[in-house]
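Commentary on secondary and tertiary structure
Chain by chain, the residues run as shown.
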Amino acid sequence: MDKPVRRTAPPELIAELKTLLGERLSTSGAVCEQHGHDESYHETASPDAVAFAQSTEEVSAIVKACAKHRVPVVAFGTGTSLEGHVAALEGGVCIDLMGMNKIVSVRPEDLDVTVQAGVTRKQLNEFLRDQGLFFPVDPGADASLGGMAATRASGTNAVRYGTMKEAVLSATVVLPDGQIITTASRAKKSAAGYDLTHLFVGCEGTLGIITELTLRLYGIPEAISAAVCSFPSVEAAVNTVILIIQSGIPVARMELLDETSVMAVNRFAKLDLLEKPTLFFEFHGSQQGVAEQAETVGAIAAEEGGERFTWAAKTEDRSKMWQARHDAYYAALALKPSCKGLTTDVCVPISRLAEAIGDTRADISQSFLTAAIVGHVGDGNFHTIFLIEPGNEKDLSEAKRLSGRMVERALAMGGTCTGEHGIGTGKMHYLEKEFGPAVDLMRTLKRAIDPLNIMNPGKVIRV
Ligand SMILES: Cc1cc2nc3c(=O)[nH]c(=O)nc-3n(C[C@H](O)[C@H](O)[C@H](O)COP(=O)(O)OP(=O)(O)OC[C@H]3O[C@@H](n4cnc5c(N)ncnc54)[C@H](O)[C@@H]3O)c2cc1C
């Protein structure tokens, strides 16, 4: 691939932005470096300046100034993405949206909320708790809602409540020429025109910058209960998941940890789970509904050889269990503290999940790398975390080889190269494989909306 050519922000642009933002424009090396990388192994590419925006109008003014100088603009939420998403490959200005953290309005009667893009999922849920409401999409990290919309993120609750695709009702977006648009009304459904909302959900900042979102909310269920169960094999665990889905049981969360992940979370979170493939479940509903769901799931698990079906009915036990699951990435890293993680995710039709995970496990057992598998298995989605020594080319190329095999298998099974992490720079060539000529239509859209190619250039598709 050609090395990206930098389109450095000229002094006149920096001066213009300084006048606009004052102290909220930084050209400090440390600040730029911190905004030039995500949580992954991908190399840092620092922007020339970081603009800390506080309103939609300010984002629009920054984008207009950058467009005038044909300088790239990279949106930055919390920087927790995993495919090199925020690296400023061609330099330019990073717009940090974390100062845009106001909850604009909540409408309990309509079960929706409007937030600025920098609000994080935990901030929103803390705000909503007293009103008996919650927002369900929960990637492991406490990401910004703007970043989550931009990556079409999901998490442990997606099996019941869907992903950001379902959660976003409408977005306010600053286009590459600085124009401000709103993509839809607050109506729960609409047949009006092209679906602009879903053009921007998942665009990874390559078509525009989301400054506000209207999101669907849910009532906190009357009863919540969680359970953990170990299985003799990954296949038995996944078969349990398939049977549960096919039985139509509305499980709220259903997460798989392989033996290595269980060992890692046992050490990291001081748990004493059996070091075998394990499913974490959560049930939402009325007291009676939850009891019935749990009983049926327990019976299905027992048929597949499930053992030590353990309940976590108390809030603190449940929180401990899910915190351990959300920390699985850091727990895996702690197995080899000198290593970094190369983490990848694929998603396959649920009927092929056992095979996809089994083949990946077989690849790992024949490799010299340590790797852990965790999965939002109710959706057919799983992640592998390969532990690689920084700077060790042999580790990196082996992890990329195995990750490539995961993707090839997923595509051959009718799946996708990423269920939730997105494309960034890391999976651009797989997008071409997955979509074939349809990528040309994506390219046409990108060129029409961003003719100067200033919005997060070098990501998602090559133009
Ligand atoms: C430990 C760990 C666990 C994770 N688990 C999950 C998981 O379960 N599910 C999942 O989906 N992801 C997961 N992720 C990945 C990551 O948290 C998500 O991709 C998240 O949505 C990124 O949000 P962010 O605010 O950090 O975005 P950033 O990393 O700041 O940005 C991500 C991309 O979106 C663009 N962007 C950011 N904000 C905006 C905006 N307002 N408008 C337009 N574009 C924007 C950026 O330019 C970039 O391309 C995990 C990451 C970690 C480190």
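Residues numbered from 1 in each chain as written. Predicted model: local features only at pLDDT ≥ 70, side-chain atom pairs only at ≥ 80, totals over all residues. Heavy atoms only, no water.

**Thoughts on the overall build of the protein**
Counting secondary structure elements, the protein contains 17 helices and 18 strands. Relative to its length of 463 residues, the protein is compact, with a C-alpha radius of gyration of 22 Å against a globular reference of 23 Å. With the principal axes as the frame, the protein shows a C-alpha extent of 70 × 55 × 40 Å. Put simply, the protein has 463 residues, and 56% of those count as buried. Nonlocal contacts in the protein, meaning residues at least 24 apart in sequence, comprise 72% of its contacts between residues at least 6 apart. Looking at the protein as shown, the accessible area adds up to about 19000 Å², and 53% of this sits on carbon and sulfur atoms. Taking the 45 positively charged and 57 negatively charged side chains of the protein as two groups, their mean positions are separated by 3 Å. (Helix = DSSP H or I, 4+ residues; strand = E, 2+ residues; numbered from the N terminus. Rg over C-alpha atoms; globule rule 2.2 N^0.38 Å. Buried < 20%, exposed > 50% of the residue type's maximum accessible area, 1.4 Å probe, protein only. Contact = heavy atoms within 4.5 Å. Areas by Shrake-Rupley, 256 points an atom, 1.4 Å probe, with all protein chains shown as cover. Lys, Arg positive; Asp, Glu negative; His and termini not counted. Charge placed at Lys NZ, Arg CZ, Asp CG, Glu CD.)

**Notes on the sheet that holds strand β9 (residues 180–182)**
The strand order across the open sheet built from five strands is β5-β6-β10-β8-β9, with neighbouring strands paired in antiparallel fashion. Both outer strands of the open sheet, β5 (103–107) and β9, are each paired with one neighbouring strand and no more. Pairwise comparison of adjacent strand axes, ignoring direction, gives a mean angle of 10° for this sheet. With four bridges connecting them, β5 and strand β6 (residues 112–116) associate as antiparallel partners. Residue pairing in the sheet places Ile103 in a bridge with Val115 of β6. Those strands touched by helix α3 (residues 56–68) are β8 (168–174), β9 and β10 (209–216), and its axis lies near 45° from that of β8. The sheet strands contacting helix α4 (residues 121–129) are β5, β6 and β10, and the helix crosses β5 at an angle near 45°. (Pairing = 2+ DSSP bridges. Axes fitted to C-alpha atoms, helices over the stretch in contact; angles between N-to-C directions.)

**Section: the pattern of salt bridges**
What the rule picks out here adds up to 22 salt bridges. As a salt-bridge pair, Asp48 and Arg6 come within 2.9 Å of each other at their nearest N and O atoms. With Asp48 in the loop between α2 (29–34) and β2 (49–52) and Arg6 in the segment before α1 (11–21), this pair connects stretches of sequence that are 42 residues apart. (Salt bridge = Lys/Arg side-chain N within 4 Å of Asp/Glu carboxyl O.)

**Digging into the site of the ligand**
Surveying the vicinity of the ligand reveals 36 residues, the closest of which are Ala75, Thr78, Thr80, Ser81 and Ser144. Within the backbone of Ala75, one N or O atom sits 2.6 Å away from an oxygen atom of the ligand. Glu420 has a polar side-chain atom sitting 2.8 Å from a nitrogen atom of the ligand. Bound to the protein, the ligand loses 98% of the 970 Å² it would expose on its own. Where the shell around the ligand is concerned, the elements lending two or more residues are β3 (73–76), α5 (145–150), β10 and α13 (328–335). When residues in the shell around the ligand are grouped by element, the largest group, four residues, is from α5. In terms of residue class, the shell around the ligand is built from 16 nonpolar, 17 polar and three charged. (Near = heavy atom within 4 Å. Polar contact = N/O pair within 3.5 Å; in protein donor to acceptor, adjacent residues only side chain to side chain. Nonpolar A, V, L, I, M, F, W, Y, C, P; charged D, E, K, R; others polar.)

**Comments concerning the domain arrangement of the protein**
We note that the domain assignment places domain 1 (11–98), domain 2 (103–219), domain 3 (223–321) and domain 4 (329–425) within the protein. If you look at the interface, domain 1 gives nine residues, while domain 4 gives 14 residues. Around 950 Å² of area is buried between domain 1 and domain 4 when both sides are counted, 56% of it from carbon and sulfur atoms. Inspection of the domain 1/domain 4 interface yields zero salt bridges. The tally of links between domain 1 and domain 4 comes to four residue pairs in polar contact (both at pLDDT 80 or more). Looking at the side of domain 1 that touches domain 4, its residues break down into three nonpolar, four polar and two charged. (Domains from an automatic or database assignment. Buried area = accessible area lost by both parts, 1.4 Å probe.)

**Quick notes on the sheet that holds strand β4 (residues 93–96)**
Sheet architecture is open: four strands sit in the order β1-β2-β4-β3, paired in mixed fashion. The open sheet has two edge strands, β1 (25–26) and β3, and neither has a second partner. Note: β1 against β2, two bridges, orientation antiparallel. Within β2, the residue paired with Leu25 across the bridge is Ala51. On top of the sheet, α3 reaches β2, β3 and β4; it is set at about 175° to β4, its chief contact.

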